[in-house]
Amino acid sequence: MLEQDRKYEANTPQQTWFAKHRFSIIRHAVINLFMLIILLPLSWVLILSIKSLPDSMRGQFWPRKFDFTHYSYVFENIKTLGGNMTNSILVTGATVLLTTFFAVLAGYALVHLKPWGKTFVFTILLLSLYFPTRVVAIISIYELQDFLGLINVTSGLILPYITLNLAISVLIMRSVFQLVPHEVIESARLDGASVWGTLWFIGLPLARNGLVVVFIVNFVTAWGEFLLASTLINDQEARTMPVVLAAAQGGMGQWAWPRIAAVYIIVVTPGLIAFSFAQKLFFKGLAEGVVKG
Amino acid sequence: MDRGAEIIIPRSVGTAREPKIRQSISAWIFLIPALTFFVCYQVYPIFRIVWISFTDFEFLSTEPANWIGFGNYIEAYNDPLMWKSMGRAALFTVMFLPGTIIFPLILAILVDRVRHPLLATVYRLILLVPALIPSTLVFVLWKWMYNYQIGPINYMLVEVFNIFTYYNAPQWLGGTNLTLPSIAIMEIWWGLGYHAIFFLAGLASIPRDMLEAARLDGANEWRVFWHITLPRLAPIMMILVVLRFGTSMAVIDEYLIFGGFNRGAPTYTWTVYMYDQAFNIGLWRQGFAAAVGMIGAAVMVFFVAGLVYIFRPRG
Amino acid sequence: MVERNEIELKLQEANRRQLLQGKIDRREFLSRSMVAGLGLAGVGVASKYGVGPAYAAEGRPLTPTFYDWIEGLHPGIPGVNERFPGINYQIAPVQGFGIERFVAESKKSDSTWDVYVGQTPFVEMTSLIEADVIEPWDNYIPADVIDDIIPSIREECSVNGKLYNWPFLLDVVGMGWHSGVTNKAGLVDSAPATWDEFLDGANTIKESGAAPFGATFDAHGWRSVAPLAHSRSSDVYTPEGLFDFTSDAAVEALVLMKKIMQTSNPDILLSGASDGGVNGTPDEVAFSTQRVGYYVKYFNAPLRMAQYWDDPKQLHMGPLPKFSGGEGSTVFWTTGCALFKHGQNKEKAAEYIKSLTYDRQIWKDSIAGTETAHVGQLPPYSSIYKEWGETKPDWMLPFVGLVRGQLDRAKAIDNHLFGLSQFQIGQPFWEAFLKGEESDPRVAMQNVTDAVRAEMNRG
């Protein structure tokens, strides 16, 4: 562990263990403080999900009485939960893959293929981030989806979802491809590789880190999207998780706090498991570094 | 080995060696999928707003809309609430933006240097946990956290540390002066890990040899950070600043949830004003709301141009 | 030949509807259209492709859509649906979205749904009428049902003599108290008759330390300013139907609110919560955490909050106190059903809503409570109360008689396009008085009226 530190401090062997490792200790202390800040609110939710109703309305962290029935309650009361979860996973997955694919193509083209009008395209993408599309976008999108016959079609959500972060994804890929030396691309082209081949075998591996970011940006938005999903889908079983859960938000009646907390845990867990599995793929690129030589 | 140095060389060498037109066509083929979606779901709605903003369109009215030129713009320009609410959004941005860049940056630099594979993975996983929570549930969580009477924060302040009583404890959400900072903290928490991942991606693209070479040359950590790490992170940082500037000026769901439509509350920003006019009040004057939105967009674009200029690629 | 063309048109129309509803995809739509267009042996072939039944059933089954909280609070609804085989029961896309989807569809003379359950007259009914989305029930509702609706409710739900809201769930504003707290404070276990008694009691609770806070209310104007004003006089509306904030009753209500606030939870004005600030308000938290003795709100709130108590039986409810010499009225509203102008199955919808609103299981669950919910929302029909009066069910609770009695004195907030938003626009201005930024309540209320007026004069 921490070879790097050892390398720098090896020239002072007379130092105590503590002095030798003090940077490392401070660093880990600070990191863990941040981790604690991230995890504390969530652990509070976890505890809340197993509190009895009266205890949930007291400030104490540790309940007087545990109540583990909230989870079964959620599944019994939202009968479509499994299906909604599947919908969310499919829609999110497709959105993330397609957006990333489109963003890679566009970002690569903007930087390394230098099309006519690239500054214009870049400017329009950037500007679009600041337009208050929310005012009427929902109505426009509704009309568009209606025209395409995609109202109440779960997979139809993928189309508007792709656009939610498309501009920012293209911009991210653009700035990542800017970090890839132009000469590398040029020499590959000179060696006779096709445009696709160059992108796939040369450009993409070098832009892995950007892919991770684009992946995450799109995952976060699509996984939590509420407004479009609620507007464009009519049937409860065709809806995605956030819409079904929104009903629980207000804490009305049956949706007492601990039960909402149970919903919470149910929503976060699959994502967490998915990321644990995907992390190898994700972070390998990060840890190794792109241009490590 | 010295590819790091190559990267800093300006890309002036890249001249087209095939007919420009052909390259341009293949480039546009690459752009078409993204642009098709972009035009349908982004540009079309924007044009619609622009058009609506010049009419007296009311969504609930069954009368046809009339072209009224700059009428809505003049009304919005002369509306004190417009500028007051714009100021509130700017205030929030000032509270939120620095924190949401600096904390993840520090965190990323620290985590980047963790070499233990298991720890490095666990840290990165934890960073992503808040990002897995749908936004509506993030708001629910912090509504609980900040609850005046039974939220854990006030519980700690009152029952554990006895700093306050239940008669004078801080009132976080719901439209007090503490509400904007409270929302800023929530947003910073939400983006902490997520933005750190952005920076980790940027850090990973810095060749280790470059850093080590600098250190061997006797540069201290601060100089290494300032002269090597930071410039290399500039593109990522620009993306984040530009993106977050836009989102923080245009926050709306949080305000609707934590402040409602109370015009006296600091959460009643121009976006809420726009929403209020477009979907809540009277016959839903969407023409006027669109003009409010366009003015907001113009102000934001003005500042973004400045930000882009500050973070422009140098060298 | 003429006949067949008509059939083709109808088939085509049925196809189009199914396509719009997402029941068939575009490819199927095209192939079906071809079949219909070619008129191949007429309906026989078409029905083979599945168009026939859709055509026969007037295009689609009965399609009601509900505001999501209603299903959660009234678990008996699926039981009603079972009596309507083939019903396409849906949850409405109204959260965070309002009525936009309804209006957008109506502009194309279309509606995915036949009936919307979740409309409150003073909140969105006027908007839906203005936008030409809904139509009156009068042609479909049986005459005996109209006569059965309690007159004040019928008035609330009518515009120009037409019934635009078929009432379902009745809410009346009253008060509740926690007898554990009041007993500890040494108060008699009965509802304070006047606001003076109410304030004395609240002070006693706070000073005796029985609970940290004496009394609380919901700061939203339609749940506090309006009902408190009604308890003085319900004649607080302008001829055009706006709430008259400058009336004596409204000003007295505001002064009273400030007095109550002396004993209440300090966060009482922080209505920030989800669902557009409608639920999870600070008063609900204070009451559910057993930190307050008296509670002014519509009756279903104390009932729902008491489920968090160690002993929910300590909840008691009573009418809203009176001002001395006051009228002793209060505010009520119903959540009801809207009939989409461009919907279908209108007769069937009326049959369904009748069945729903008369369903005895729903009312039993609402009053007696179930394992999951105790709402206490009541029926809008005289006959049901009469029936209960004649043979009292063993699950009946005393609050029902109380609420029913209050209803005769209560008045609904007048219907107006600004029915709800006048209270949202005005809130910061009357709160200036409550927070001490403005010392004269009349000036504060004048500011409210001016602000509402200014907003209405726009555009």
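Residues numbered from 1 in each chain as written. Chains lettered and ligands numbered in written order. Predicted model: local features only at pLDDT ≥ 70, side-chain atom pairs only at ≥ 80, totals over all residues.

### A word on the overall build of chain C
Helices and strands together make up the secondary structure of chain C, namely 23 helices and 11 strands. Counting every position in chain C, which comprises 459 residues, the buried fraction comes to 54%. Excluding contacts between residues fewer than 6 apart, the proportion of contacts in chain C whose partners are at least 24 apart in sequence is 77%. (Helix = DSSP H or I, 4+ residues; strand = E, 2+ residues; numbered from the N terminus. Buried ≥ 20, exposed ≤ 12 C-beta atoms within 10 Å, placed from the backbone. Contact = placed C-beta atoms within 7 Å.)

### Some thoughts on the overall build of chain B
A count of helical and extended segments in chain B gives 13 helices and zero strands. With respect to the principal axes defined by its C-alpha atoms, chain B has extents near 70 × 70 × 30 Å. Taking contacts inside chain B between residues at least 6 apart in sequence as the whole, the part at least 24 apart equals 69%.

### What about helix H12 (residues 270–279) of chain B?
In terms of burial, H12 of chain B is largely enclosed, as nine of its 10 residues are buried. Those residues of H12 of chain B that fall on the buried side of the exposure criterion are Trp270, Thr271, Val272, Tyr273, Met274, Tyr275, Asp276, Gln277 and Ala278 of chain B.

### Things to note about the interface of chain A and chain B
Contact with chain A, which involves 94 residues of that partner, is made by 87 residues of chain B. Each residue belonging to the side of chain A that touches chain B can be placed in one class, and the counts come to 68 nonpolar, 18 polar and eight charged. (Nonpolar A, V, L, I, M, F, W, Y, C, P; charged D, E, K, R; others polar.)

### Topic: the packing of H12 of chain B against helix H13 (residues 286–310) of chain B
Residue and element names in this part refer to chain B. At a minimum axis separation of 8 Å, H12 and H13 run at an interaxial angle of 165 degrees. In this view, H12 runs roughly antiparallel relative to H13, as classed from their interaxial angle. For H12 against H13, the interelement crossing comes out left-handed. Residues Trp270, Tyr273, Met274, Gln277 and Ala278 of H12 pack against Gln286, Phe288, Ala289, Val292, Gly293 and Gly296 of H13. Tallied by class, the residues present in the contact of H12 with H13 amount to seven nonpolar, four polar and no charged. (Axes fitted to C-alpha atoms, helices over the stretch in contact; angles between N-to-C directions. Parallel < 35°, antiparallel > 145°, perpendicular 65-115°, else oblique. Left-handed = near helix turned anticlockwise from the far one by under 90°.)

### Notes on the packing of helix H4 (residues 80–112) of chain B against helix H8 (residues 179–204) of chain B
Residues and elements named next belong to chain B. Running from N to C, H4 and H8 cross one another at 40 degrees; their axes reach a closest spacing of 7 Å. Two packed elements cross with a definite hand, and for H4 against H8 that hand is right-handed. Tallied by class, the residues present in the contact of H4 with H8 amount to 20 nonpolar, four polar and two charged.

### Re the pairing of strand E7 (residues 166–178) of chain C
All names here are of chain C. Of all the 13 residues making up E7, 13 are buried; the element is thus mostly covered by neighbouring parts of the structure. Both E7 and strand E11 (residues 332–340) contribute to a ladder of six bridges, which runs antiparallel. Bridge assignment links Trp166 to a residue of E11, and that residue is Cys337. Across five bridges, E7 lies against strand E9 (residues 292–298) in antiparallel orientation. Across the sheet, the residue bridging to Gly174 is Lys297, located in E9. (Pairing = 2+ DSSP bridges.)

### Considerations on the nonpolar core
Core analysis: the biggest nonpolar cluster contains 301 residues, and Ala106 and Met173 of chain A, Ala34 and Ile197 of chain B together with Val115, Ala250 and Leu254 of chain C have the highest contact counts within it. With near-sequence residues (within four places) excluded, Ala250 of chain C lies in contact with Val225, Ala229, Val236, Asp244, Phe245 and Met445 of chain C. (Core = buried A, V, L, I, M, F, W, Y, C linked by C-beta atoms within 7 Å.)

### As for the environment of Phe66 of chain C
By the element assignment, Phe66 of chain C lies in strand E1 (residues 64–66). In this structure, the C-alpha to C-alpha distance between Phe66 of chain C and Ala210 of chain C, residues 144 residues apart in sequence, is 42 Å.

### Comments concerning unusual backbone geometry
With a phi close to 65 degrees, Trp284 of chain B is a non-glycine residue in the positive phi region. Of note, Trp284 of chain B is situated in the loop between H12 and H13. Take Trp284 of chain B: there are 25 C-beta atoms within 10 Å of it, and that puts it in the buried class. The phi dihedral of Asp132 of chain C falls on the positive side, at around 65 degrees, and the residue is not glycine. Following the sequence through the fold, Asp132 of chain C ends up in the loop between helix H8 (121–130) and strand E4 (134–135). Asp132 of chain C gets classed as partly exposed once you count the C-beta atoms within 10 Å, which come to 16.

### Quick word on the confidence of the model for chain B
Per-residue confidence for chain B averages 82 on the pLDDT scale, and 92% of its residues sit at or above 70. Scored below 50 in pLDDT, residues 1–16 of chain B shows 21 contacts in the model against residues more than four places distant or in partner chains. (pLDDT = per-residue confidence, 0-100.)

### A few points about the confidence of the model for chain C
All names here are of chain C. Considering every residue of chain C, the mean pLDDT works out to 82; 85% of them sit at 70 or more. Taken element by element, chain C is modelled with least confidence in helix H3 (residues 43–48), mean pLDDT 34, and with most confidence in helix H14 (residues 248–261), mean pLDDT 93. Low pLDDT (under 50) marks residues 20–57, which in the prediction has 55 contacts with non-local residues, meaning those over four places away or in another chain. Within the model, the stretch residues 273–277 combines pLDDT values under 50 with 19 contacts to residues more than four positions away or in other chains.

### A closer look at the pairing of E11 of chain C
Residue and element names in this part refer to chain C. Counting buried residues along E11, nine of its nine residues qualify, which places the element largely inside the surrounding structure. Note: strand E3 (residues 115–119) against E11, four bridges, orientation antiparallel. For Gln119, the partnering residue across the bridge sits in E11 and is Gly336. Both E4 and E11 contribute to a ladder of two bridges, which runs antiparallel. Looking across to E11, one finds that Glu135 is bridged to Leu339.

### Observations regarding helix H18 (residues 346–357) of chain C
Residue and element names in this part refer to chain C. Counted at 1.5 Å a residue, the expected span for H18 with its 12 residues is 16 Å, and the 16 Å between its end C-alpha atoms agrees. All of the buried residues along H18 are Ala349, Ala350, Tyr352, Ile353, Leu356 and Thr357. All buried residues of H18 fall inside an arc of 165 degrees around its axis, so they share one side. In this structure, the buried side of H18 is in contact with E1, helix H6 (77–82), E3, E7 and E11. (Expected span 1.5 Å × (residues − 1). Arc of directions from axis to C-beta.)

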